[in-house]
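Working through the structure, step by step
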There are 2 protein chains.
Amino acid sequence: MIELDKINSKILHELESNGRISNTDLALRVGLSASACLRRVQELERTGIISGYRAKLDRSKLGGNITVFVMVGLSEHLKKDARAFEEAMITAPQVRECHNITGSVEYLLRVEVSNLSSYKEFHAEVLGTQSQVSSITSYISLGSPKDMRA
Amino acid sequence: MIELDKINSKILHELESNGRISNTDLALRVGLSASACLRRVQELERTGIISGYRAKLDRSKLGGNITVFVMVGLSEHLKKDARAFEEAMITAPQVRECHNITGSVEYLLRVEVSNLSSYKEFHAEVLGTQSQVSSITSYISLGSPKDMRA
DNA sequence: ACTGAAACACCCGTTAA
DNA sequence: TTAACGGGTGTTTCAGT
């Protein structure tokens with residue numbers, strides 16, 4: 001847990017809304033010289049507060065319109081089994097989120113596919129090939145009254 | 001809905017995992033010249049398929065932000081009860097996402113709070129005051145091996 | 001402040017309708 | 001022949017020291 005001053009908060013706020021802003025522009029906006037600003041950004045990256053950058057895509061323009069939440073239980077609770085499962089989820093493009101959770105099952109996935117047969121394929125080819133998976137429960141999203149994803 | 005060729009898919013895939021890759025490196029990875037690659041990226045931005053770029057922040061390092069997924073079942077399945085519940089979720093600032101799902105329960109929530117006592121308060125004051133709520137199951141997030149939220 | 005590298009605008013060559 | 005697309009070049013701007 002790290003303490004942030006006002007300038008670092010501003011830096012994070014700017015980078016959150018525009019991850020491709022140039023260091024020069026960012027420095028202007030937060031009121032620092034370019035070099036001082038760069039040092040802060042690199043420090044934030046080094047400490048992992050900024051854990052990466054990514055493009056935000058509009059998936060409704062790409063045909064990925066069905067969202068399914070999947071609860072996954074593992075039969076083995078060894079670290080290597082968990083790692084293997086996580087690796088498979090990271091690799092699978094249909095998996096948008098993979099959360100390790102407390103409770104009766106180990107993982108909650110958010111899966112996005114273009115239609116139900118694609119989901120069936122994901123179910124069989126991705127989840128079905130993981131030997132350590134002991135339970136799968138799928139919840140198809142019927143809509144999202146609220147969605148404030150960052 | 002827009003048709004993507006193989007190269008554009010590759011570009012999107014790269015930018016999704018590394019939104020700050022240089023155009024030069026991106027061009028190398030997708031097998032184009034820098035200028036051709038830049039044209040494609042700008043076209044993707046112009047058409048809105050790429051709707052922005054953002055830094056991914058690790059909120060756990062910024063003051064103990066806790067994410068809880070909550071499955072909520074309703075006792076009444078009337079439209080007005082569902083509406084009332086959804087209204088309450090929209091109003092509650094702790095609720096980041098509220099999804100209506102198929103299956104044994106009606107809703108899946110993503111709740112973000114600063115600590116467990118805040119969650120307890122949410123549980124009691126927000127969920128506990130909704131008379132139509134018949135079941136609440138909380139899953140605390142222990143971490144997210146993958147999180148590609150848009 | 002300085003240097004190498006990247007972004008960007010511009011022009012040319014090729015191909016296919 | 002012209003529209004679409006990839007490649008190359010020069011100038012401006014940036015990142016990093």
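Residues numbered from 1 in each chain as written. Chains lettered and ligands numbered in written order. Predicted model: local features only at pLDDT ≥ 70, side-chain atom pairs only at ≥ 80, totals over all residues. Heavy atoms only, no water.

On to the protein's contact with DNA strand C. Residue and element names in this part refer to chain B. Taken together, Ser22, Asn23, Thr24 and Leu38 make up the full set of residues near DNA strand C. For DNA strand C, the backbone makes up 89% of the atoms found within 4 Å of the protein, where backbone means sugar plus phosphate. Between a phosphate oxygen of DNA strand C and a main-chain N or O atom of Asn23, the distance comes to 2.7 Å. Residue Thr24 places a side-chain N or O atom 3.0 Å away from a phosphate oxygen belonging to DNA strand C. (Near = heavy atom within 4 Å. Polar contact = N/O pair within 3.5 Å; in protein donor to acceptor, adjacent residues only side chain to side chain.)

Under the domain assignment, chain A is made up of domain 1 (6-46) and domain 2 (59-140). Relative to domain 2 of chain A, the C-alpha centre of domain 1 of chain A lies at a distance of 35 Å. (Domains from an automatic or database assignment.)

Taken together, the contacts link 60 residues of chain B with 59 residues of chain A. Of the roughly 5900 Å² buried at the junction of chain B and chain A (both faces included), carbon and sulfur atoms supply 55%. Of all residues in chain B, Arg20, Arg54 and Lys146 of chain B give up the largest surface area on contact with chain A, accounting jointly for 14% of the area buried on that side. Joining chain B to chain A, the criterion identifies 4 salt bridges. Across the pair Glu16 of chain B and Arg96 of chain A runs a salt bridge, and its minimum N-O distance is 2.7 Å. Linking chain B to chain A there are 43 residue pairs in polar contact (both at pLDDT 80 or more). If you list the elements that add at least two residues to the side of chain B that touches chain A, you get helix H1 (6-17), strand E1 (50-57), strand E2 (66-74), helix H4 (79-91), strand E3 (95-101), strand E4 (107-113) and strand E5 (133-147) of chain B. At 9 residues, E5 of chain B tops the list of elements feeding residues into the side of chain B that touches chain A. When its residues are assigned to classes, the side of chain B that touches chain A shows 28 nonpolar, 18 polar and 14 charged. For strand E1 (residues 50-57) of chain A and E1 of chain B, the ladder comprises 7 bridges, and the chain directions are antiparallel. Residue pairing across strands places Leu57 of chain A opposite Ile50 of chain B, the latter belonging to E1 of chain B. (Contact = heavy atoms within 4.5 Å. Buried area = accessible area lost by both parts, 1.4 Å probe. Salt bridge = Lys/Arg side-chain N within 4 Å of Asp/Glu carboxyl O. Helix = DSSP H or I, 4+ residues; strand = E, 2+ residues; numbered from the N terminus. Nonpolar A, V, L, I, M, F, W, Y, C, P; charged D, E, K, R; others polar. Pairing = 2+ DSSP bridges.)

You can see Glu16 of chain B is positioned in helix H1. The residues contacting Glu16 of chain B, other than those within four sequence positions of it, are Tyr53, Arg54, Ala55, Leu57, Arg59 and Arg96 of chain A together with Met148 of chain B.

The next point concerns the protein's contact with DNA strand D. With respect to spatial proximity, the complete set of residues near DNA strand D consists of Ser22, Asn23, Thr24, Leu38 and Gln42 of chain A together with Leu32, Ser33, Ser35, Ala36, Arg39 and Arg40 of chain B. Near-protein atoms of DNA strand D (within 4 Å) split between backbone and bases, with sugar and phosphate holding 54%. Contact distances for DNA strand D include 2.8 Å between a phosphate oxygen and a side-chain N or O atom of Thr24 of chain A. Counting residues per element, the ones that place at least two in the surface near DNA strand D are helix H2 (23-30) and helix H3 (34-46) of chain A together with helix H3 (34-46) of chain B. Broken down by element, the surface near DNA strand D gets its largest block of residues, 4 residues, from H3 of chain B.

Turning next to the packing of helix H1 (residues 6-17) of chain A against H3 of chain A. All names here are of chain A. The contact between H1 and H3 brings their axes to 11 Å, and the two run at 75 degrees. Taken together, the axes of H1 and H3 lie roughly perpendicular to each other. Facing Ile7, Asn8, Ile11, Leu12 and Leu15 of H1, the residues of H3 in contact are Arg40, Val41 and Leu44. Per-class residue counts for the contact of H1 with H3 are 6 nonpolar, 1 polar and 1 charged. (Axes fitted to C-alpha atoms, helices over the stretch in contact; angles between N-to-C directions. Parallel < 35°, antiparallel > 145°, perpendicular 65-115°, else oblique.)

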